[in-house]
Amino acid sequence: MSVPSKIVIASRESRLAMWQAVHVRDRLASLNPAAEVVILGMTTKGDQILDRPLAEIGGKGLFIKELEVAMQEGKAHLAVHSMKDVPMVMPDGFVLAAISARENPRDAFVSNKYNSLDDLPAGAVVGTSSLRREAILRAKYPTLVIKSLRGNLDTRLKKLDAGEYDAIILAAAGLIRLGLENRIKTVLTAEQSLPAPGQGALGIELIDGAAHMFDVVAPLNDPETAHCVKAERAFSRALGGSCQVPLGGYAIMENGLLWLRGFVASVDGREMVAAELRGEVGKVDGDDEALGRQLADMLRAQGAEAILAKLAGCQ
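Since the model is a prediction, treat every value here as computed from it, not as a measurement. Every chain is numbered on its own, with residues counted from 1 as its sequence reads. Reporting in this predicted model follows two pLDDT cut-offs: at least 70 for local features of residues, and 80 or more for side-chain atom pairs to be given and counted; totals over whole chains, interfaces and linings ignore these cut-offs and use all residues. Only heavy atoms go into the side-chain values, all of them from the structure, while hydrogens and water stay out.

(A) Quick look at the environment of Gln294. Relative to the elements of secondary structure, Gln294 occurs in helix H10 (residues 287–301). The buried label applies to any residue whose accessible area, calculated with a 1.4 Å probe on protein chains only, is under 20% of its type's maximum; exposed applies above 50%, and partly exposed to all values in between. We classify Gln294 as partly exposed; its relative accessible area is 42%. Here the alpha-carbon distance between Gln294 and Leu277, two residues 17 residues apart in the chain, equals 8.5 Å. Strands here are runs of E lasting at least two residues and helices are runs of H or I lasting at least four, both read from the DSSP assignment and numbered beginning at the N terminus.

(B) Quick peek at the sheet that holds strand S12 (residues 257–265). By the convention used here, strands pair only if DSSP detects at least 2 bridges between them. The antiparallel open sheet is built from three strands, whose spatial order is S11-S12-S13. Unpaired on one side and paired on the other, strand S11 (247–254) and strand S13 (272–279) mark the two borders of the sheet. Direction aside, neighbouring strands of the sheet carry axes that sit 10° apart on average. Taken together, the eight bridges between S12 and S13 define a ladder with antiparallel strand orientation. Every angle, taken between N-to-C directions, lies between 0 and 180 degrees, and every axis is a line fitted to C-alpha atoms, over only the stretch in contact when it is a helix.

(C) Inspection of the packing of aromatic side chains at higher detail. Pairing of aromatic side chains requires ring centres within 6.5 Å, counting the rings of Phe and Tyr and the six-membered ring of Trp. Pairs whose planes differ by under 30 degrees are stacked, by over 60 edge-to-face, and all others tilted. On inspection of all chains with the given rule, the structure shows zero aromatic pairs. By definition here, charges over rings are those cases where NZ of Lys or CZ of Arg is within 6 Å of the ring centre and within 35 degrees of the ring normal. The aromatic ring of Tyr165 is capped on one face by Lys147, whose charged end is 5.0 Å from the ring centroid. Note that Arg278 overlies the ring of Trp259, its terminal NZ or CZ placed 4.4 Å from the centroid.

(D) Geometry of the pattern of salt bridges. Salt bridges are defined by distance alone: a side-chain nitrogen of Lys or Arg within 4 Å of a carboxyl oxygen of Asp or Glu. Summed over the entire model, instances satisfying the criterion amount to 18 salt bridges. Two residues, Arg261 and Glu191, come together in a salt bridge whose shortest N-O distance is 2.8 Å. Highlighted residues: Arg261 in strand S12 and Glu191 in the loop between strand S9 (186–187) and strand S10 (202–207), separated in sequence by 70 residues. In this structure, Arg270 and Asp268 form a salt bridge, with 4.0 Å as the shortest nitrogen-oxygen distance.

In structure tokens form, the structure reads like this:
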């Protein structure tokens, strides 16, 4: 298949999103020296509506819709996303063609006054945009005040610096990618805060059937990360994770096996079920997804359905 003479990448315009797009642009340019690789920056609805929690305005798909329209209209060949922002069910006509090597997938504790969650006094205000993080915090630290925190990474840090929050919880990957590791007081362990499915990984989205572009982006795929993220997403999808569900799913490769952990909770953290399993991947297409579905079944056996049934706003 021939490589287009010009490759256009659709991206959100936040500083982190542009870092991600530039990272992919540079890799594609090095792999395809005869092609011009450019970025089409766009503002999405998710970037525009900042006065309400994400769960109230339609979920993660609000961060990718405009990018998909650009691809449909022929203005862009591919889109770059943080995998944790990609809906668990891809829209018809689109496909995730590659998942790149993962940065640190864990959550980061950021504060100007305290060194860790355990140092926070009762009544301290903690900001997060994630129902997953909110449920974990409410379950483990019931005396804290959890407040919604929207906006891009820089906006969130400014709100912390302005004194609106005593601490905020962010994805470590974004801070690391933007050279802001010094803002991290503590990287939370998976036991403290199980990451979101796909956290720390980048995904390349294409129009389904664009065979020539599949060949172009194939070298960006990292097999180990892809195995883990596919299992995480299958787990989330099986539990309705495309809706607004406090859910964590995290996999690593260990001794040749995929170790997948997951939980689902009520937003107040009072109800939570968790499980884990290990299994082989890669021998048969779909093995990763099968492990994810198996873990979801384990949670259902522990009562996950009752928790999911109570969650409001899951369409």
